[in-house]
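# A structural walkthrough
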Amino acid sequence: MRLAFREALDAFRRAPVLSALSITTIAFSLFAFGLFGLVALNIRNALQQVEDRVEIRAFVIDGTGAEAVSAALGDIGAFPEVATVRYVSQFDALARARRELGEFSDVFEEGILPASIEVRLKPGLRDPATVRGISRRIETYDFIDDVRFGEEWVEKLYRLRNIATIAGIALGTVFAIVAVIIIGSTIRMAVLARAREISIMRLVGATDGFIRAPFLIEGFLKGTLGGILALGLAWVTTAILGRFVIVTEFFSPGLALTGILAGALIGLLGSAFSVGRHLSRA
Amino acid sequence: MIRFSHVSKEYAKTGPALQDVSFQLGKGEFAFLTGPSGAGKSTILKLLYLEERPSRGEIRVAGLTASSIRGNGVAALRRRLGIVFQDFRLLEDRTAEQNVAFALEVTGARPETIGPKVSRLLTQVGLSSKSNALPRELSGGEQQRVAIARALANDPVVLLADEPTGNLDERATRGVFQLLRDINAAGTAVLMATHDLDLVRRANLRTLEVNRGQLVFDTADGGEGRAGEGA
């Protein structure tokens, strides 16, 4: 194993230009994939923020008894889809309207806004069908005057989200395949550059496993370095965008680490595939 | 040590390369393998070190039957053979010493044994003073000596040499041939493919002659003195 490590490191020393080229190629492939990932991540976050605001508002008829409302709050709160349920009295509604509308606060008089029950659904259950279903159930209470949830708006949001998801998966797959192909051929080049060495190793009686080991280590190291470089490039891009154009979110540490590991894994698999193919042919 | 029994080799694209070849090479024996280019000399050697597999017939090398060897068995067999080529096949970016050590390292020799063994091998081939030279700093004859030292690294029972003097001038040829004779005298069987008929005639050793894929003459069967006549 020690020898395999030494051989792998020697490969960097003996062919520094080819090694640097491989790492840069891996880095740029992963960088392109990473940039796309960042765009997808930010779109998803933006949609998530909008989606978090999806809420059902059921207006309560004036003069409804507190007991009836409180019983309904208990019932609705027990629906499995419901995250929170809250009663907003006429007084609270007025206070909120005044707070939100600032300078127009004096146009509101007491009693102009109805009391309401506000329902928020659990994440993942804010799709049009569920929202509509819950609204219908709330409507059945006889003290409910009207239920609103911005039907059109929720549907549009969901359509947008579905398009973004499908486009994300399709483009992401294409980017990932391109990255794997480029990285695979980069490593294949490194293997071909050492074809002579491999044939000599075989002639003097090295086992295939022994021949493979330094290449796997080399691929793993190149992939890891490429991954780190790609992450650095993505970070710089995000920082420049944040300073001059728009502040966007960067990968979480977990995702960043996953990216580097993905680079390492691609390097390892690319090497395994290239060396394996070379050995089976020779 | 080596036994070919009715061995044939056919290639899908180029047709038959060897037809019904049978011969034996005993322990510690020396034999030339001669014949014109394309006659099948290299194919015989490739079959011996399992670069190729026979289409028909049986080959035994160093006590093993070629057809039963798979996977790491190929590497195990090659460790019992030494192989030398016309083009030396040295690693250009490593010194003479590192080239020889390479054969020991890749076969898992204990690290502490490698240094002393490499210097003993380089002394044996007469290159102890050039252990730190790169192949390009050595003459053809010297490069072939490094290749021979490498071939001897794993104490082979048979040394296979494919035109080892093909790229060398007469003086270097004599030196390398003498080295192979010395190695043979120490007990290693040697099978040397060559088309240097002067060398073959002068040496007056067992000669196997192949032509168009067939073994046409073996001095072990047909007496002496005819080596190379058909080439």
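Residues numbered from 1 in each chain as written. Chains lettered and ligands numbered in written order. Predicted model: local features only at pLDDT ≥ 70, side-chain atom pairs only at ≥ 80, totals over all residues. Heavy atoms only, no water.

### Quick look at the overall build of chain B
Helix and strand counts for chain B stand at eight helices and ten strands. In chain B, which comprises 231 residues, the proportion classed as buried is 52%. Expressed as a percentage of contacts within chain B between residues at least 6 apart in sequence, the contacts between residues at least 24 apart total 69%. As displayed, chain B offers around 10300 Å² of accessible surface, 44% of which is attributable to carbon and sulfur atoms. (Helix = DSSP H or I, 4+ residues; strand = E, 2+ residues; numbered from the N terminus. Buried < 20%, exposed > 50% of the residue type's maximum accessible area, 1.4 Å probe, protein only. Contact = heavy atoms within 4.5 Å. Areas by Shrake-Rupley, 256 points an atom, 1.4 Å probe, with all protein chains shown as cover.)

### Focus: the sheet that holds strand 10 (residues 214-218) of chain B
Residues and elements named next belong to chain B. Strands sit in the order 6-7-8-3-9-10 across an open sheet of six strands; the sheet is mixed. In this open sheet, the two strands that pair with only one neighbour each are strand 6 (81-85) and strand 10. Within this sheet the neighbouring strands show an average axis-to-axis angle of 20°, counted without direction. In this sheet, strand 9 (residues 206-211) lies alongside strand 3 (residues 30-34) in parallel orientation, the contact comprising four bridges. Among the inter-strand pairings, Phe 32 is bridged to a residue of strand 9, identified as Thr 207. (Pairing = 2+ DSSP bridges. Axes fitted to C-alpha atoms, helices over the stretch in contact; angles between N-to-C directions.)

### Some points on the interface of chain A and chain B
Taken together, the contacts link 17 residues of chain A with 22 residues of chain B. Between chain A and chain B lies a buried interface of about 1700 Å² when both sides are counted; carbon and sulfur atoms form 57% of it. Here chain A and chain B share two salt bridges between them. The closest approach of N and O atoms between A:Arg6 and B:Glu105, which form a salt bridge, is 3.3 Å. Elements with a contribution of two residues or more to the side of chain A that touches chain B: helix 1 (2-14), helix 7 (195-203) and helix 8 (208-244) of chain A. Ranked by residue count, the leading element in the side of chain A that touches chain B is helix 7 of chain A, at six residues. Residue classes in the side of chain A that touches chain B are distributed as seven nonpolar, two polar and eight charged. (Buried area = accessible area lost by both parts, 1.4 Å probe. Salt bridge = Lys/Arg side-chain N within 4 Å of Asp/Glu carboxyl O. Nonpolar A, V, L, I, M, F, W, Y, C, P; charged D, E, K, R; others polar.)

### Structural notes on the packing of helix 8 of chain A against helix 9 (residues 253-281) of chain A
All names here are of chain A. Put simply, helix 8 and helix 9 touch, their axes get as near as 7 Å, and they point 150° apart. Considered as vectors, helix 8 and helix 9 are oriented roughly antiparallel to each other. In this structure, helix 8 crosses over helix 9, and the sense of that crossing is right-handed. Facing helix 8, whose interface residues are Asp 208, Ile 211, Arg 212, Phe 215, Leu 216, Gly 219, Phe 220, Gly 223, Thr 224, Gly 227, Ile 228 and Leu 231, helix 9 presents Ala 256, Ile 260, Gly 263, Ala 264, Gly 267, Leu 268, Ser 271, Ala 272, Val 275 and Leu 279. Partitioning the contact of helix 8 with helix 9 into residue classes produces 13 nonpolar, seven polar and two charged. (Parallel < 35°, antiparallel > 145°, perpendicular 65-115°, else oblique. Left-handed = near helix turned anticlockwise from the far one by under 90°.)

### Let's talk about empty space enclosed by the protein
Per the counting criterion, the structure on display carries two cavities of 30 Å³ or more. Of the voids in this model, the largest cavity is the one considered here, and its volume is about 110 Å³. Broken down by element, the residue count for the lining of the largest cavity peaks at four residues, all from strand 6 of chain B. Its residues assigned to classes, the lining of the largest cavity comprises six nonpolar, two polar and three charged. Estimates place the volume of the second largest cavity at around 40 Å³. Taken together, A:Ile187, A:Ala190, A:Val191, A:Phe215, A:Glu218, A:Gly219, A:Lys222 and A:Ser271 make up the full set of residues lining the second largest cavity. Looking at which element gives the most residues to the lining of the second largest cavity, the answer is helix 8 of chain A, with four residues. Here the lining of the second largest cavity is built from residues that sort into four nonpolar, two polar and two charged. (1 Å grid on protein atoms, 1.4 Å probe; cavity = no way out; pocket = protein on both sides within 12 Å on 5 of 7 lines; lining within 4 Å. Points joined across faces, edges and corners; volume = space filled by probe spheres on them.)

### Brief notes about the nonpolar core
Residues and elements named next belong to chain B. Formed by 63 residues in total, the largest nonpolar core has its most connected members in Phe 30, Phe 32, Ile 148, Leu 159, Leu 180 and Met 192. Apart from the residues lying within four places of it in its own chain, the contact partners of Leu 159 are Gly 82, Ile 83, Val 84, Ala 151, Leu 152, Leu 180, Ile 183, Thr 188, Ala 189, Val 190 and Leu 191. Phe 4, Val 21, Ile 59 and Ile 83 belong to the second largest nonpolar core, which has 34 residues in total. (Core = buried A, V, L, I, M, F, W, Y, C linked by side-chain atoms within 4.5 Å.)

### Thoughts on the confidence of the model for chain B
Residues and elements named next belong to chain B. Predicted confidence across chain B gives a mean pLDDT of 91, with 96% of residues reaching 70 or more. Taken as a whole, residues 224-231 scores under 50 in pLDDT and shows 15 contacts with residues more than four places along the chain or in a different chain. Interface scoring of the predicted complex returns ipTM 0.83; its pTM is 0.70. (pLDDT = per-residue confidence, 0-100.)

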